[in-house]
Amino acid sequence: MQIPTGELAAAAAISGDSISSIHGSVRFFPCPEGVMVLADIFGLPEANPTGIFALHIHSGGDCSGTNFADSGMHYDPANMPHPRHAGDLPPLLSCHGHALMGVLTCRFTIDEIIGRTVIIHSQPDDFTSQPAGNAGEKIACGVIRPMPMNQC
Ligand SMILES: [Zn+2]
């Protein structure tokens, strides 16, 4: 895989709800084959015994509302079933509250996701249930914003 070029990248600063300490970033880098996603998240709750937390891009552009309701549903411009939504991603794996995850996806471009949201859920994604993988509540959120590559 080639090193990302000088094109515009994007990032979401992730924050939990008022009773959690979740924080971190999800960054998006343009690559010739697609978009490289790098999630670096801290403060994931121990209450989930699997340590696996569903991660998706949601269509809404706002983290407000009860339990981040304004983030909307999974980003799905092609009207596909879960887990074939463009915004469906592999889950986070927590090590004592810290998760570091990188993946290449060719399901969207950087331009298509700027202004949308990244959501972390309280439970694993079962990659089967509709409409969203039975992944529990939304526990953290961040709006995806443009980021010059020199800020990586
Ligand atoms: Zn989905």
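Up top is the structure these notes are about.
What comes next is a walk through the structure. Throughout, residues of each chain are indexed from 1 in the direction in which the sequence is written. In view of the model being predicted, local features appear only for residues whose pLDDT reaches at least 70, and side-chain atom pairs are presented and counted only at 80 or more, with totals across whole chains, interfaces and linings using the full set of residues.

## Section: the overall build of the chain
Piece 1. The number of helices and strands found in the chain is 1 helix and 9 strands.
Piece 2. When the helices and strands of the chain are listed from N to C terminus, the series reads β-β-β-β-β-β-β-α-β-β.
Piece 3. If you line up the chain on its principal axes, its C-alpha atoms span 40 × 35 × 30 Å.
Piece 4. Contact criterion: two residues are in contact if their C-beta atoms, reconstructed from the backbone, are within 7 Å. Pairs at least 24 apart in sequence give 62% of the contacts found in the chain among residues at least 6 apart. Under the scheme used here, helices are H or I runs from DSSP no shorter than 4 residues and strands are E runs no shorter than 2 residues, and both carry numbers assigned from the N terminus.

## Comments concerning the environment of Pro77
Piece 1. For Pro77, the position within the fold is in the loop between β5 (55-58) and β6 (92-93).
Piece 2. With C-beta atoms placed from the backbone, a residue is buried if 20 or more other C-beta atoms are within 10 Å of its own, exposed if 12 or fewer are, and partly exposed between those counts. A count of 12 C-beta atoms within 10 Å places Pro77 in the exposed class.
Piece 3. C-alpha separation for the pair Pro77 and Leu104, spaced 27 residues apart in sequence, amounts to 19 Å.

## With respect to the nonpolar core
Piece 1. Put simply, a nonpolar core is a cluster of buried Ala, Val, Leu, Ile, Met, Phe, Trp, Tyr and Cys residues tied together by C-beta atoms within 7 Å. Grouped together as the largest cluster of nonpolar side chains are 35 residues, with contacts concentrated most on Ile14, Phe28, Ile41, Leu92, Val118 and Ile120.
Piece 2. Ranked by residues supplied to this core, first place goes to strand β1 (residues 9-16) with 5 residues.
Piece 3. Those residues in contact with Leu92 that sit more than four places away from it in its chain are Ala39, Ile41, Leu44, Phe53, Leu55, Ala99, Met101 and Ile120.

## A look at the sheet that holds strand β8 (residues 117-121)
Piece 1. With antiparallel pairing, 7 strands are arranged side by side in an open sheet as β5-β8-β9-β1-β2-β3-β7. Edge positions in the open sheet fall to β5 and β7 (99-105), since each of these has one partner strand only. With strand direction ignored, the average angle separating the axes of adjacent strands in the sheet is 20°.
Piece 2. By definition, two strands form a pair when at least two bridges between them are found by DSSP. As defined by bridge partners, β5 adjoins β8 across 4 bridges and the pair is classed as antiparallel. What sits directly across from Leu55, in β8, is Ile120. Orientation is described by lines fitted to C-alpha atoms, with helices fitted over the stretch in contact, and by angles between N-to-C directions that extend from 0 to 180 degrees.

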